[in-house]
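One-letter residues, chain by chain:
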Amino acid sequence: MGTRMEVAQLESRMDTEDYRKLQGLFLDPSGSPRSLSRTEFVNLAWPSVGRGSEEEYGLLFDSVVVTQEHRGLLLDIDAVKEEGRVDWGGLCSFLLLELSDKVKNTRTSRVPRWTPPRTLTCPHRDPVQKVLHLQSSGQYLTVSKGGTVCLRDTDDMSLLHTHRLQNSTVSPKDLWVTDVVLLHNVHKQIAVSFTSKEVCFYDILSKQDFGCKYKLQGLKFTPWCLDYWVDPSNPDQAVLTIGDIGGQVSALYFTSAQISLFERLSLRTDSDSADVILWDELVKGKHRSCYTVTHRGHTPAWVRKVRYLDSLDAFVSCSTRAQSSMVIGWREKESRSLRVASFFTKRGVWDMDHHRGLNLIATAGVDHQVLLWNPFVTSKPVCRLVGHTGPVTAVCFMQSQQQLLSYSKDKVLCLWDVSRQLCVHRLAGVFPETREDTQTLLFVHEERQILMLSFNSLLLLLETTKEEKRTSSHEHPVTCVLYNSLFRQVVSSDSASSVICWLAQTGQKVKQFHRCHGNKEISTMALDGTQTRLFTAGLDGELKVWDFSGRCLHRMNASLGRAVEISQVLLLKRSILVMGWERMLTVFRLHSFSQSFVEPSEWKGGVQHRSDVLCAAFQPPQTLVTGSYDGEIIVWNNGTEKALRRLRPLAELREGKKSHFHTRMPVNSTNTLFCNRKVNMSSACDLSLFPYFPHYFFNTLLNSDILGHVPDSHLGVNGKEDADNSIAITRLLFIPGRTSAAIATAGGADLVSCGGSGVVRLWNTVHSRLLGQFTAHNRDLGSIVTSVSPCGKYLVTADREGTLKTWDIQQYCLEPDDGITKEPPELLRSFRPHLDRVTHLEMCLHGDRLLVLSASSDCSVVLSHLFGEIVGLFGQEEQWCLERPGHLHPQREPERNQRDQGGQGGKRSPPAPSETLPDPGPDTSAEGGEVGIKDEGEDFGMDAGVDGRKHLSRSRVESV
């Protein structure tokens, strides 16, 4: 089977017409969809497209089949997979996955640095309804519910002028403004909608008098939201869109806006200088300069927001009614009727915005989710950006950056990188306390890089500081970090398949290895007992063994050729356990390492778990524990490979068969935007541009009718899992110092587990008992990661907001109690060294210092002291020196602590976590911890000009 790299070369050479030819091959003579076998595909595609070779089309087919078997994307999974056939949807799924990987590996996000919020002087006594930027003067205009209009200076946002709108239809006390828009092509005019069922057009040319020029009256329902668009090539062409509380969307097409919006059909009244325009006259076509189109797709719900999309000649609107959460009214060619398409969400939508370049619509969900939609696909969203814990009230695209801002009622502002489906910045704790019914408005002026938020009548301003180059350890999200005690170095990996070695003493980069697994993410790593061999596992399903000069010594076929995610590698004396995608452990025996390509052996214990095994831990002499996606832990005898006991929380045991065990989705991967999701496409793009403009190609491909349906993901932003993963066990750790038989037999906790819902549990593996559990982090934040100190006294946990917490567990659950302890241990420190999800934690002893290593999706690796003082970020310009006076090991006394426990901990110091524990069972009788290796293999792919051996030698000297 060929490599993905070879297939990508064929993809890059194919253009739009080539893909249309391929699409035609998947239709039978009657025009119905069909699937093709490998032979049929190669024989039809190569002569039909006329590009590439037969071998390349065979490689493309093989890659699609491998991807579909893993992802489960085939439309008829049983029939198609059994016969080795591919349909058009399967081919499109593969193309989107591959192209999104390329975009992910070639782009980085620009994160703004906001100044602290500044409260603006505001005369408004009621909620601010709109903020506008007047391009001609550069000033800012705000309008409140009571009709107060404020003009602000362009430089310091100081208040220049205040005016109260007049409307003779209602008394001042009953005046209620619902929305306002700026008429760009009509010099300094605004359109204002009122609850009096009218829209008034004011001239703001004079600061002294906001004269009303037109009054549009006779509307059937109260207008609630407005939008105005002007044709940039013909300013006479404009569209005013009105959404009302009756669920109706109405559009006014102006054909001579710069001359006159409406015709004068009646004389002005004495009491008002405005021309009165009746809605019925517009509908009947009595105004030649204006005509209307309408639809009632939201009835009976209120229309909350409305936009005209000129690129699609369509009207998009939203409401809080589930069945019509978003509605698009498509304008038929040469027709004044609208074809209505409705989009469904669980609880409706508060706000929405459209990105012109990506042709994506973002919706702010009442159900706490931000959804991205393809306008042509009503069945399901392109993806879900999950991260808010309250209803999302406002969304706004950063058009130039392909980013999205969202604000929710939990007072959190998120900045999302759309193409990577990643929250790159999260701002919380700076916004004022508000009532539940507070109205929040979000206004972004990209040119000046300012952000305004209104909280009823309160107006806050956030400005960006001068852009500084953000320090990052990696160019891509970091997936794993290890400490090499032999070389006193830190080893980190990322989603672009790179490995970097750092000096722990100074934070200086020693060397970097590229493309260790091609372009596939490195999901996890491990060091052997000698600390001279590095094991890396990629999403290609392979495990590789490297030396630190950059040579690949062995390739281990962990997944039998499938592209799967390996969640953990556990190294024992005579075997290597690999897990993450099946219900059974994959094992490699020492005697298999006589060849460079190693095949797995049989795990004698067979299948015991009911869901995928995600993690494992080992305790001498022969106790092995494994944790699975359904929350179950199994205790094994590693010598006989026989399952001994099962551990589950009591609440889950009572539920029994009520639990549903689903096929697991990746839990620790920084997934690409279209990993495992379906997207229907309906507008053309030029695929021939991909080799030169990959981002343009990927963005337009989202909206191309060339591609079919690609399945929706179960993952949200930053890899947050759905509800099915709330009990998954993602990390198991035996507590050093409690691993002796005395403590376990006496009933004390010797095992720590963590995973979904922010819960940490402590178990006794001898008596199969849960002794304690506590919520370490907010349950809504999904899975957490954890690590235990070498002395067994401290536990560190981390969540997807970048927060680390240090706990004192020295006496926690040390002695059995009558029930389950739910009180948490003593929290020593909580700090936040990262901006995004912490993907891996490692605690290590560096000399006499107990340090914490944390890797994050924000592309950084941070070294911290146990109690929260950050030593530094690997890759920063200023180097640190750990030899200088500073925080030492907080209590460098594991031996004394063990003596104080009355001998329960034994006299021997617990080993460092980087050491491979001996396994004296039948599987581990040989001395030494080094897995069989052979100095033959492929290069790591090091940086040009970097001699791995030279750096390795230097590291040895420095460590001495």
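Refer to the structure presented above.
Residues numbered from 1 in each chain as written. Predicted model: local features only at pLDDT ≥ 70, side-chain atom pairs only at ≥ 80, totals over all residues. Heavy atoms only, no water.

In spatial order, the strands read 4-5-6-7; together these four strands make up an open sheet with antiparallel pairing. Only two strands of the sheet have a single neighbouring strand rather than two, namely strand 4 (128–133) and strand 7 (159–164). Across the sheet, the axes of successive neighbouring strands diverge by a mean angle of 15°, strand direction being ignored. (Pairing = 2+ DSSP bridges. Helix = DSSP H or I, 4+ residues; strand = E, 2+ residues; numbered from the N terminus. Axes fitted to C-alpha atoms, helices over the stretch in contact; angles between N-to-C directions.)

Before going further, it helps to examine the packing of aromatic side chains. Applying the stated criterion across every chain yields a total of 28 aromatic pairs. Plain terms: the ring middles of F26 and W88 are 5.7 Å apart, the flat faces sit at 45° to each other, and that makes the pair tilted. One end of the pair, F26, is in the loop between helix 2 (16–25) and strand 1 (36–37); the other, W88, is in helix 6 (residues 88–106), with 62 residues separating them in the sequence. On the accessibility criterion, F26 (2% relative accessible area) is buried. Pairing Y407 with F455 gives two aromatic rings, centres 5.8 Å apart and planes at 70°, and the pair type is edge-to-face. With Y407 in strand 26 (residues 403–408) and F455 in strand 30 (residues 450–455), the pair connects residues that are 48 residues apart, well separated along the chain. Comparing Y407 with F455 shows no difference in burial state: the two are buried. Three or more aromatic residues joined by ring pairs form one cluster here, namely F26, F41, Y57, F61 and W88. (Phe/Tyr/Trp six-rings, centres within 6.5 Å; stacked < 30°, edge-to-face > 60°. Buried < 20%, exposed > 50% of the residue type's maximum accessible area, 1.4 Å probe, protein only.)

A word on the state of the cysteines. Under the defined criterion, the tally for this structure stands at zero disulfides. C150 carries a free sulfur, and the closest cysteine sulfur to it, the one in C122, is 5.8 Å from it. (Disulfide = S-S within 2.5 Å.)

This part takes up the pairing of strand 48 (residues 729–734). With six of its six residues buried, strand 48 lies for the most part within the structure. Strand direction decides the pairing type here: strand 48 and strand 49 (residues 751–755), joined by five bridges, are antiparallel. The residue of strand 49 that forms the bridge with L733 is V752.

Turning next to unusual backbone geometry. Between T299 and P300 the backbone carries a cis peptide bond, its omega angle lying at 10°. Assignment of secondary structure puts P300 in the loop between strand 16 (290–295) and strand 17 (305–309). The omega torsion across P620 and P621 is 5°, close enough to zero to call that bond cis. Mapped onto the elements, P621 comes out in the loop between strand 44 (613–619) and strand 45 (623–628). Look at K197: it is not a glycine, yet its phi comes out positive at around 60°. Tracing the sequence through the fold places K197 in the loop between strand 9 (189–194) and strand 10 (198–203). Located in the positive-phi region is S497, a residue other than glycine, with phi close to 70°. Position of S497 relative to the elements: it lies in the loop between strand 33 (489–494) and strand 34 (499–503).

Here the focus is the side chain of T536. With respect to the helices and strands, the residue T536 is situated in strand 37 (residues 533–538). By relative accessible area, T536 is classed as buried at 0%. Of the polar contacts made by the side chain of T536, one reaches the side chain of W546; its length is 2.8 Å. (Polar contact = N/O pair within 3.5 Å; in protein donor to acceptor, adjacent residues only side chain to side chain.)

Attention shifts here to the sheet that holds strand 21 (residues 349–355). The four strands are arranged 21-22-23-24 in an open sheet whose pairing can be described as antiparallel. Looking at which strands have only one partner, the edges of the open sheet turn out to be strand 21 and strand 24 (383–386). The sheet shows a mean angle of 20° between the axes of neighbouring strands, taken without regard to direction. By the bridge criterion, four bridges tie strand 23 (residues 369–373) to strand 24 in an arrangement that is antiparallel. Counted as the bridge partner of L371 is R384 from strand 24.

Two elements in contact, helix 2 and helix 3 (residues 38–49), have axes whose closest approach is 10 Å; the angle formed by their N-to-C orientations is 145°. Viewed along their axes, helix 2 and helix 3 form a crossing whose handedness is right-handed. Residues D18, K21, L22 and L25 of helix 2 form the contact with helix 3, whose own contacting residues are F41, L44, A45, S48 and V49. (Left-handed = near helix turned anticlockwise from the far one by under 90°. Contact = heavy atoms within 4.5 Å.)

Turning next to the nonpolar core. Counting 24 residues, the largest nonpolar core has F201, L216, Y228, L252, F254, L261 and F262 as its most contacted members. Broken down by secondary-structure element, the contributors of at least two residues to this core are strand 8 (177–183), strand 10, strand 11 (211–217), strand 12 (223–230), strand 13 (238–244), strand 14 (249–254) and helix 7 (279–283). Those residues within four positions of L216 in sequence are excluded, and the remaining contacts are K197, E198, V199, F201, I242, L252, I277, L278, W279 and L282. (Core = buried A, V, L, I, M, F, W, Y, C linked by side-chain atoms within 4.5 Å.)

Moving on: helix 3. For helix 3, which comprises twelve residues, the first-to-last C-alpha distance of 16 Å matches the rise-based estimate of 16 Å (1.5 Å per residue) to within 8%. Among all positions of helix 3, only F41, V42, A45 and V49 are buried. With its buried residues spanning 95° around the axis, helix 3 presents them on a single face. Set apart from the buried face of helix 3 by more than 90 degrees, the exposed residues are T39 and P47. Directly after helix 3, the chain includes G50, whose backbone phi takes a positive value near 75°. (Expected span 1.5 Å × (residues − 1). Arc of directions from axis to C-beta.)

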